[in-house]
Each structure stands twice: as structure tokens, then as C-alpha cells.
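# Notes for the structure review
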There are 2 protein chains.
Amino acid sequence: MLKTSIAPDGREFPLPTEEDNAKERELLVKITKEQRAKGRKIVAVQGLGFVGCVMAAVVADATDNDGNPIYYVHGHQRPSKRSFWKVPVINAGETPVSSSDPEVPEIFQRTVVEKKNFRATSEDSVYGLVDIVVVDIQLDATKPAFGQAEKGYCDITAFREGIRMLGKHINPECMVLVETTVPPGTCEKVVKPILEEEFTKRGIDVTQNPPLVAHSYERVMPGSKYVASIRDFWRVFSGVNQKSIDMCREFLSDVLNVEEFPLTQLDSTNASELSKTMENSYRATNIALTLEWARFAEQIGVDIFKVRDAIRKRKGTHDNLLRPSLGVGGYCLTKDPVLANWAMGALFDLPGELTVAINSVNINDTMPLHTIDLIKKEYNEVKNLKITLLGVSYLENVGDTRHSPSKTLVEFLRKDLARVRAHDPYVEHWDELEEVTVEKDLPAILEGAQVVIFAVGHDQYKNIEPKELVDMCKTRPLIIDCSNFLDDATINKYKGLGCKVRGVGKGHIV
Amino acid sequence: MLKTSIAPDGREFPLPTEEDNAKERELLVKITKEQRAKGRKIVAVQGLGFVGCVMAAVVADATDNDGNPIYYVHGHQRPSKRSFWKVPVINAGETPVSSSDPEVPEIFQRTVVEKKNFRATSEDSVYGLVDIVVVDIQLDATKPAFGQAEKGYCDITAFREGIRMLGKHINPECMVLVETTVPPGTCEKVVKPILEEEFTKRGIDVTQNPPLVAHSYERVMPGSKYVASIRDFWRVFSGVNQKSIDMCREFLSDVLNVEEFPLTQLDSTNASELSKTMENSYRATNIALTLEWARFAEQIGVDIFKVRDAIRKRKGTHDNLLRPSLGVGGYCLTKDPVLANWAMGALFDLPGELTVAINSVNINDTMPLHTIDLIKKEYNEVKNLKITLLGVSYLENVGDTRHSPSKTLVEFLRKDLARVRAHDPYVEHWDELEEVTVEKDLPAILEGAQVVIFAVGHDQYKNIEPKELVDMCKTRPLIIDCSNFLDDATINKYKGLGCKVRGVGKGHIV
């Protein structure tokens with residue numbers, strides 16, 4: 001039976017056979033030769049995930065002063081059942097990521113179909129043909145116990161294999177630019193040694209040809225400015241030697257909007273890697289602080305959101321203060337402190353712990369349980385309680401569900417036998433919680449609800465009229481507002497309709 | 001023998017006798033009557049400390065549209081040996097605080113001598129004569145164990161006595177405005193009940209005359225803009241009932257620059273009190289995060305200050321990130337998280353802890369020990385080591401030594417029998433560490449030094465030429481830079497002169 005890879009829209013694509021691969025190898029050589037003849041440098045992007053696929057398109061979209069593409073881009077994706085579909089989808093000029101950013105489909109159409117300088121492949125030999133590899137392999141932190149981020153670690157096996165594959169194929173003059181968020185020390189202590197080892201096996205003298213390894217971190221945000229968040233934003237970079245630094249600077253200057261957003265060079269890849277993880281630890285800590293104070297404020301009848309506004313009046317010193325909410329989700333803030341904390345011991349053999357950042361991850365990870373506590377203040381137990389959750393993504397007006405705090409909330413509610421229904425206008429399929437169907441039909445999902453949780457600030461939810469919602473419920477549900485989504489007038493309307501309202505970080509609204 | 005109070009400049013003032021007090025009482029009544037006849041409202045400021053004395057002058061300095069003073073101000077200071085001297089000093093038109101702000105002597109001269117609407121007294125009966133009391137009594141957190149802020153508590157005995165004294169004297173229509181940073185809940189659960197109790201004892205019906213209590217927190221900063229930091233800056237306020245809120249708003253609008261820095265009203269004194277302590281907890285946490293990452297960075301050869309600059313490029317979201325240093329000092333960041341954490345249990349009977357903020361206080365309090373670790377990387381032990389400390393205040397270009405991290409550093413060095421000498425151009429007398437003489441003579445204090453610690457970023461230290469310093473030492477001392485005070489060129493000069501250089505949060509400079 002033919003193995004296939006199924007795209008989110010249901011289309012099935014057969015995985016490549018050995019015969020397909022042989023043809024593909026010939027084709028890659030031919031294309032690359034043609035593109036070199038046009039004076040273009042050749043880039044491979046390793047991993048066509050959330051960052052990789054758009055970064056690949058951005059690189060292909062870069063032009064010289066005459067408007068001609070500077071690079072030809074091979075996007076590389078391993079031929080796994082889970083992800084191979086991205087290769088034919090991209091090669092049809094379609095985008096493999098759903099996004100509210102109109103630039104996303106445009107840039108794929110422009111580079112793949114019009115300029116024809118971006119193409120995806122699953123064939124490893126592509127790495128032997130390129131001048132630059134941009135590494136966008138996924139690298140996760142594993143937290144073996146809920147609420148115990150101090151036990152978290154980073155399994156770098158797959159990452160090491162990806163780098164080893166590069167070492168087996170790349171030209172020694174090829175620059176490997178790691179964009180993946182990695183534990184500090186990874187370029188120096190993992191990437192470089194593996195490349196040296198593979199080069200040496202291939203008879204390359206690494207004293208003459210030391211591997212060229214650079215690190216630069218993106219600050220991508222899902223949402224309506226997805227492409228711009230990669231291209232039109234500040235970048236930090238460094239390299240393991242001067243040549244790597246120079247090549248990296250040149251490459252990033254070609255493909256990013258460095259006129260408006262100048263590059264920041266740091267002294268070493270250790271510094272660049274540490275900067276990324278510290279940057280996100282700063283945000284994670286900032287949120288954790290607000291969560292603890294939100295719980296305190298609630299209990300003494302104080303609205304933490306008004307307090308936050310008062311504090312943020314101090315521009316330049318206090319205006320970064322974030323807001324409490326259901327919890328913290330997304331790919332960065334939930335794992336980056338763990339990567340750094342793990343690296344201290346595992347890569348540098350250092351004692352100690354980044355206690356502020358790690359404690360913050362724990363507070364953030366367990367925060368969704370606080371919303372269950374709020375429910376329990378009205379209902380003694382959640383067993384059999386009909387609860388409707390509005391929003392399962394981790395960010396407003398975006399369908400990204402990675403590490404969403406709604407997942408923790410739903411899992412714990414279901415464990416206590418609550419009857420949870422979930423809704424999200426942006427989420428087709430909740431990949432991380434497959435047993436829960438994400439509904440699109442608001443009246444159907446609200447009918448009979450005893451509790452309605454405003455979990456995410458999607459505009460659609462903020463705009464619901466209380467009467468409309470209560471009519472759909474045909475009950476007088478307890479309303480839980482997880483992050484000040486409802487203004488005082490709306491809360492009063494709910495109360496006027498006989499609903500109780502409770503809010504994370506808010507007092508006086510019951 | 002006559003008891004006296006000795007001013008920092010050595011002048012002795014006899015404490016008032018009962019006879020003096022009797023005369024003073026008559027005088028206060030007379031003055032107040034005269035001032036009322038001029039249409040002025042009468043204010044007492046309770047506590048002429050760091051905030052109180054300048055706040056009193058700012059209130060007296062407020063004028064109506066015709067340039068006439070709105071208020072007459074009685075500054076009140078208890079007749080203790082430690083502090084009574086402030087009364088005669090202020091009444092001579094002099095300032096009781098040393099400051100680099102030229103406005104400080106000016107505002108005392110203007111209000112006390114020229115306008116004659118500010119006068120200090122030690123007589124309690126003054127509170128019976130006034131319309132408004134501004135409470136600026138000191139209120140400290142006690143940390144019974146070093147590095148264990150979770151055991152910290154707030155001894156409010158003296159504060160309660162101060163409030164009780166008001167309750168015994170004030171007119172029931174008098175507004176009590178608490179400016180002291182207090183544990184959240186203090187106005188509602190301490191101030192108001194004490195005033196009610198004293199009013200009731202005096203036969204005042206508190207249902208008819210509920211005490212008028214407001215809270216507003218200043219954001220004062222020592223240094224060259226000391227007066228402006230009280231008058232020309234955002235204020236947050238609230239009150240225990242509507243009348244208190246209205247009176248507080250009117251008063252603050254009269255005396256502060258609310259056109260440029262509009263007031264922020266919160267819903268309750270709980271909210272205002274929580275806001276102040278959270279605001280400073282935000283800063284304390286921010287610094288603690290940088291300290292942990294600084295130690296990590298150091299050990300992997302990364303300069304945390306360059307990383308910080310890279311992160312702060314993200315304006316609006318990451319630019320509040322603070323810098324690591326010797327540690328954290330001053331009156332607010334070291335105690336405010338403790339006040340709030342203590343209030344949770346002690347005033348509200350709530351379980352739980354503000355772990356992020358409290359852990360941060362511990363990290364900040366113990367950070368000076370890290371500088372000792374840096375010394376020990378060069379010298380196995382500090383016993384008999386000649387160490388010169390440059391800077392004992394907690395802030396650059398300011399002589400404020402309250403909770404200075406230099407104190408912790410010196411105490412621990414002396415415990416290990418190091419021979420520590422300390423220098424600070426701004427500090428006449430180190431009140432918190434009386435056994436250490438703060439020298440002003442740089443050559444004398446540097447001679448023979450084996451270690452020179454740049455602890456505080458006073459301009460004088462940043463401008464010392466390395467050759468000059470080494471010549472004064474007549475040694476090649478180990479240079480410790482506690483917060484990136486020395487730029488790369490200066491460090492290289494020190495290295496060129498044969499000195500080793502180590503920096504908090506910096507690698508590669510040994």
C-alpha cells in the first residue's frame with residue numbers, strides 16, 4: 001500500500017519512492033546549474049515549519065538593485081507522513097501555513113510561481129548543491145512533570161541528526177545559519193563539532209576549512225503581520241568565526257529590511273543564543289509576576305488591570321508590564337527558559353539554576369488551573385458541569401494552538417469529568433488535543449452552557465452582545481473573563497441578565 | 001544634663017522642655033489663626049524624612065492663580081534625639097537633606113523664609129489645628145534572615161502609634177492622606193479602624209463622621225531632580241470613601257503639576273497600595289532576572305550588557321530590561337515586595353506567597369556575594385587582602401546609602417577578615433555601617449590596594465584614567481567592574497598596565 005501524507009485540507013500526497021528520489025536528484029542538479037548560470041547564490045532552508053517556510057519565501061523574494069532575485073531557494077522537508085505534503089503544496093504555489101496575513105499567499109505565489117526561484121524538495125542531496133543552509137528544524141523542550149519546569153530538558157537527538165546530515169553533504173565553504181531557538185552553547189558545542197567530525201570523515205581538513213556556523217534569531221509572530229515580523233524586524237546574529245559572521249551579515253543584509261531595522265551583532269553564538277532565550281525569559285517572568293499579583297488582587301477586591309494601567313504610566317521604565325490571562329502559550333515563552341536552564345548543566349557543566357525564569361514557567365504553566373478555581377467558587381465541583389470554552393488558540397485573532405493554555409484548562413476540566421465544549425473561529429483542528437472537536441457554530445455550542453469561559457480575546461468574542469449570548473445559552477451561565485476582555489458596561493449587562501461574572505485578576509464583579 | 005539632637009554637620013540642638021512645648025502650643029494656635037485669616041488651608045506633614053520634608057515644601061510652594069500660597073504647612077517631627085534637629089534646621093530656612101538638586105535649598109528658602117508658610121514643629125497638638133494631614137512616617141520591612149525575604153515582616157507598631165496620635169487630635173473633617181508605602185490593606189484595615197476607635201473615644205459619631213483616609217504614592221528619586229520627582233511626576237491615588245477621594249484629588253491637584261502629569265485614580269486604597277508595591281516588585285524582579293543571567297553569561301564568556309542592548313532594541317516590549325550590578329539598594333525595591341507578601345497573610349489571612357517577587361528580593365539581597373566570588377577566582381581567600389571599594393551609596397552620583405549593596409559586600413568581606421577601605425565622594429557618613437569610615441582622599445585610600453572594586457557608577461570613578469589609578473595604588477590591583485562602568489578601551493588600558501580585570505556579567509575580560 002502506498003504511504004501518503006495528508007494535508008490539513010484533506011488532500012493526500014504519496015510519499016516519494018526511490019525512483020522519484022533519483023529523478024528529483026537529477027532535477028535538483030539541473031535547476032541549481034541553471035540558477036547559478038543566472039548569477040544567483042543557492043540557499044537551502046532546512047525545515048519548512050512555522051518559521052522555515054516563510055523565511056524561505058522571504059529569502060527568495062530578496063532582489064538586487066535591478067529587481068532580480070539574489071538567491072535561489074530550495075526548501076527542504078523530510079519525507080515524513082506528517083509533513084511531506086508541504087513539498088507538493090508549496091510547489092503548487094500555495095502556502096503550507098494558514099495565516100490572517102495577506103502577504104503570506106502573495107509571497108508564495110510570487111516566488112514559487114512568478115519568479116520561480118523557490119521550490120521545495122524532500123531530497124537530502126540538495127545540501128550538496130548550496131552556498132548557504134538556513135536551519136529551521138524544530139527543537140523542543142520536554143517537561144516530564146506538570147508544573148516542574150526545573151526537570152525540563154532538551155532532547156537534541158533529531159537536531160543533531162539534522163546537522164549531521166548537513167555535515168555529510170555540504171560544501172565546506174557553505175555557511176550554516178542556525179535560526180532555530182537553541183540552548184545557549186549549541187552552535188559551539190553541538191553544531192560545529194558534528195560538522196567537523198563529518199568533514200573529517202569526508203577527508204576535509206578542518207584546520208583549512210573550519211565549518212562556517214552562524215546563529216541569528218527571528219522574532220516571528222503569528223497574525224496579520226507574519227511575513228513582516230520575519231523580514232521587517234530587528235535581528236541579532238553572530239558566528240563561530242569571523243568568516244561566518246561576515247557571511248551571515250551579508251546574507252541577512254540581502255534578505256531583510258536592515259535599513260529600517262539594523263542588525264545587531266554579538267560577540268559569539270553563545271551570546272546570540274543566550275540573548276534569544278533571555279529575551280523570552282524576560283517576557284515569561286513579566287507575565288508570571290502579573291499572574292501572582294492578579295490572584296492576590298482578586299482576593300482583596302482589586303482590579304489588576306486598572307493597577308497595570310496606573311503602573312504603565314511610567315513610560316520607559318514600567319510600560320513593558322504585561323497582562324494576566326488564562327495562562328501563557330505559544331512556542332517560545334513556554335520553552336526558552338527551559339532550554340537555557342538545561343544548557344547550564346548539560347552543555348556547560350555549570351551548577352545553579354535560572355530560578356526566576358524557571359519558577360515563572362511553572363507559574364505560567366499552572367495558571368489555567370486558577371480559572372477552574374474561579375468556577376469552583378460558584379459550583380462546588382465541575383463534574384457534569386456544561387462548560388463552553390470560547391477560544392483555544394494561544395493568541396487573539398490567530399489560530400495558533402501551540403502550547404495553548406486552553407489545552408491545560410480543558411484537560412484538567414475533563415479529568416474532573418466536566419462536559420467541555422470548545423469553540424474557536426480560527427482553529428480548524430486542535431492538533432495538540434485531537435479528542436476535542438473545535439466547533440464553529442456558536443449557538444450550538446452555547447446551548448445549555450452553565451459556564452462560559454472567555455479564554456482568548458478574539459474580536460468576535462469581544463463583540464458578542466450579552467443578550468445574544470445568554471439567548472444562545474438558554475441558561476444564565478456563569479461568565480468567566482480570563483483577561484479583562486469584557487468592559488464594565490458589558491459586565492453590567494451580563495449581571496442585569498442574571499448572570500454571575502468572575503474575572504481573572506478582577507474583584508468586585510461577581 | 002540637657003538632652004540634645006545632633007545634626008549631621010555637628011550642630012547640637014537641645015530637645016524641647018515642657019515649658020518650650022507650652023509656648024509652642026500657643027504659638028501654633030496663633031500662627032494657624034493668622035494663616036486661616038489669609039484664607040489658607042492648613043496642612044500638617046507627619047514625618048520629615050526623605051519624602052516628607054520635600055513634600056511639605058512642595059505643598060507650601062503651591063500657589064493659586066494670583067501667586068498666593070494655597071496652604072500653610074506645619075511640618076511635624078517627633079522630638080527624638082535622632083531627628084529633632086530637623087525642626088530648628090528647617091525653621092532657619094535650611095534643608096535637612098543633602099541633595100545634588102539645586103531646587104532643594106531654593107524651595108526651603110522660598111517657603112520658610114520668603115513666603116513664611118512652612119514651619120516645622122515637634123508638638124503633637126498641631127494635628128488638632130489642620131485640615132489635611134500628609135502621613136510620611138517611615139515604615140520598614142524586617143528581614144530576620146539574610147537571603148530569606150519570605151520570612152520578612154512589617155512591624156507596624158510605630159506606624160499605628162503615629163496614626164493613633166492623629167486620631168486623638170484631628171478634627172473629624174480632616175483628611176488623612178497616607179503617602180508612606182504601606183502593605184496593601186493598611187488604610188482599610190489599620191488606619192481607618194484606629195481613627196474610628198479614637199474618634200469614638202472622643203465621642204465623635206463615626207457613622208456621621210467616618211474618618212477621611214486617602215492613599216497616594218510618590219515616586220521620589222534622590223539625585224539632581226529630587227524636587228521634580230515629587231512634584232512633576234505621575235501620581236496614583238484613592239480613598240476609603242468618596243469624600244476622601246474628592247478631597248485627595250483636590251489637594252493633589254493644588255500642589256502637584258497635574259497638567260503635565262495627570263493623576264490616576266484607582267477604585268480603592270487597597271488598589272493604590274497594591275499598585276505601589278507591585279510597581280517596585282516589577283523592577284526588583286526585572287533586576288533579579290538579569291542577575292541570574294549575568295552569572296550564567298559570565299561563565300560562558302558572554303557580555304550580558306551587550307546582550308541587554310540587543311534585547312532592548314525591541315522598543316515598547318523589551319526596553320524596560322534593567323542592568324545587573326553589585327546588587328540592589330535603596331528604600332523601595334528591597335522592601336516593597338516584602339510588605340505585599342506579608343500583607344497577604346497578616347492583613348488578609350490569605351494563603352500563598354508572591355514567589356516571583358520574594359525570590360527576586362533574595363537574589364538581589366545576596367548578589368553582592370557574587371563580587372566576592374569574583375575576587376576569589378584570583379585570590380584563594382580574602383583574609384588580609386587589601387580591598388578598596390569605590391562607592392558605598394546605592395545609586396550613581398547620589399549620597400544615599402539606604403540598603404546599599406556595598407554594605408552587604410563590606411560586611412561579608414570584613415567577616416572574612418579582608419582589609420576593606422571605602423570611598424565615596426557623596427557620602428559624609430555611612431549611617432548604616434558606622435564602623436566604616438568613608439574616605440574622600442582617593443590616593444590615600446588606593447595606596448597598596450590589591451583589589452579595587454568599582455561598585456557604583458559615580459562620574460568621578462568612570463573618569464579615572466587607569467594609569468592614574470594604578471599609580472595611586474602603587475600595585476597592580478585586580479580591578480572588579482560591578483556594572484559595566486569601564487568601557488573596552490579602559491579595560492584594555494588596565495590590562496596593558498598589568499592589571500587583571502573582572503566584571504559582573506562580563507566574560508573575556510580577565
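Cut-offs and rules
- Here the residue numbers are simple positions, counted from 1 along each chain's written sequence.
- To label them, take the chains in the order written and letter them from A, then take the ligands in the order written and number them from 1.
- With the structure being a predicted model, the display of local features is reserved for residues of pLDDT at least 70 and the display and counting of side-chain atom pairs for 80 or more, all residues being used for whole-chain, interface and lining totals.
- Helix and strand assignments follow DSSP, with helices taken as H or I runs no shorter than four residues and strands as E runs no shorter than two, numbered in order from the N terminus.
- The globule rule is 2.2 Å times the number of residues to the power 0.38, and the radius of gyration it is compared with is taken over C-alpha atoms.
- Any residue with 12 or fewer other C-beta atoms within 10 Å of its own C-beta is exposed, any with 20 or more is buried, and the rest are partly exposed; the C-beta atoms used are placed from the backbone.
- By the criterion used throughout, residues are in contact when their C-beta atoms, derived from the backbone, lie within 7 Å.
- At least two bridges found by DSSP between two strands is the condition for calling them paired.
- Convention adopted: a line fitted to C-alpha atoms gives each axis, helices being fitted over their contacting stretch, and angles between N-to-C directions are expressed from 0 to 180 degrees.
- Comment on the angle field: the value is read as roughly parallel under 35 degrees, roughly antiparallel over 145, roughly perpendicular from 65 to 115, and oblique elsewhere.
- Two helices crossing with the near one rotated counterclockwise from the far one by less than a right angle form a left-handed crossing, whereas a clockwise rotation gives a right-handed crossing.
- As a working rule, the residues Ala, Val, Leu, Ile, Met, Phe, Trp, Tyr, Cys and Pro are called nonpolar, Asp, Glu, Lys and Arg charged, and the rest polar, with Gly in that last group.
- An automatic or database domain assignment is the source of the domain bounds shown.
- By definition, the arc is the one covered by directions from the helix axis to the C-beta atoms.

### Remarks on the overall build of chain A
Across its full length, chain A carries 18 helices and 18 strands. For a compact globule of 510 residues, the expected C-alpha radius of gyration is about 24 Å, and chain A comes in at 25 Å, within 12% of that figure. If one aligns the C-alpha atoms of chain A with their principal axes, the spans along those axes are about 75 × 50 × 45 Å. The buried share of chain A, reckoned over its 510 residues, is 53%. Contacts in chain A between residues at least 24 apart in sequence constitute 73% of all its contacts with a sequence separation of at least 6.

### Overview of the sheet that holds strand E14 (residues 419-423) of chain A
Hydrogen bonds between backbone atoms are what pair the strands of a sheet, whose relative direction is either parallel or antiparallel. Residues and elements named next belong to chain A. Taken together, the six strands give an open sheet; going across it, the order is E15-E14-E13-E16-E17-E18, and neighbouring strands pair in parallel fashion. For this open sheet the edge positions go to strand E15 (438-439) and strand E18 (501-503), each flanked by a neighbour on one side alone. Packed onto the sheet, helix H13 (residues 368-376) meets strand E16 (451-454), strand E17 (478-481) and E18 and runs at close to 155° relative to E17.

### Re the packing of helix H10 (residues 304-312) of chain A against helix H9 (residues 269-299) of chain B
Interaxial distance between H10(A) and H9(B) falls to 9 Å at its minimum, and their mutual angle equals 55°. Between H10(A) and H9(B), the crossing angle belongs to the class labelled oblique. With respect to the hand of their crossing, H10(A) and H9(B) are arranged in right-handed fashion. Here A:Lys306, A:Val307, A:Ala310 and A:Ile311 of H10(A) lie close against H9(B), whose contacting residues are B:Ala271, B:Leu274, B:Ser275, B:Met278, B:Glu279 and B:Tyr282. Looking at side-chain class alone, the contact of H10(A) with H9(B) contains seven nonpolar, one polar and two charged residues.

### Re the domain arrangement of chain A
Residue and element names in this part refer to chain A. Domain boundaries in chain A define domain 1 (4-269) and domain 2 (367-503). Taken over C-alpha atoms, the centre of domain 1 sits 38 Å from the centre of domain 2. Counted by class, the side of domain 1 that touches domain 2 contains two nonpolar, three polar and no charged residues.

### Focus on the interface of chain A and chain B
Listed per partner, the contact involves 49 residues of chain A and 49 residues of chain B. Contributing elements (two or more residues each) for the side of chain A that touches chain B: helix H9 (269-299), H10 and helix H12 (355-366) of chain A. With 16 residues, H9(A) is the largest single contributor of residues to the side of chain A that touches chain B.

### Regarding the environment of A:Arg402
All names here are of chain A. Mapped onto the fold, Arg-402 is located in the loop between strand E13 (386-390) and helix H14 (405-415). Sequence separation between Arg-402 and Gly-330 is 72 residues, and the spatial gap between their C-alpha atoms is 5.1 Å. Non-local contacts of Arg-402, meaning those with residues more than four positions away in its chain, are made with Gly-329, Gly-330, Tyr-331 and Tyr-394.

### Examining helix H17 (residues 466-473) of chain B
Residues and elements named next belong to chain B. The set of residues buried in H17 consists of Pro-466, Leu-469, Val-470, Met-472 and Cys-473. Considered in projection along H17, the buried side chains sweep an arc of 160° and stay on one side of the axis. Exposed residues lying more than 90 degrees from the buried face of H17 are Lys-467 and Asp-471. Contacts from the buried residues of H17 go to helix H15 (442-446), strand E16 (451-454) and helix H18 (488-496). Residue Lys-474 follows H17 closely and has a positive phi angle near 55°.

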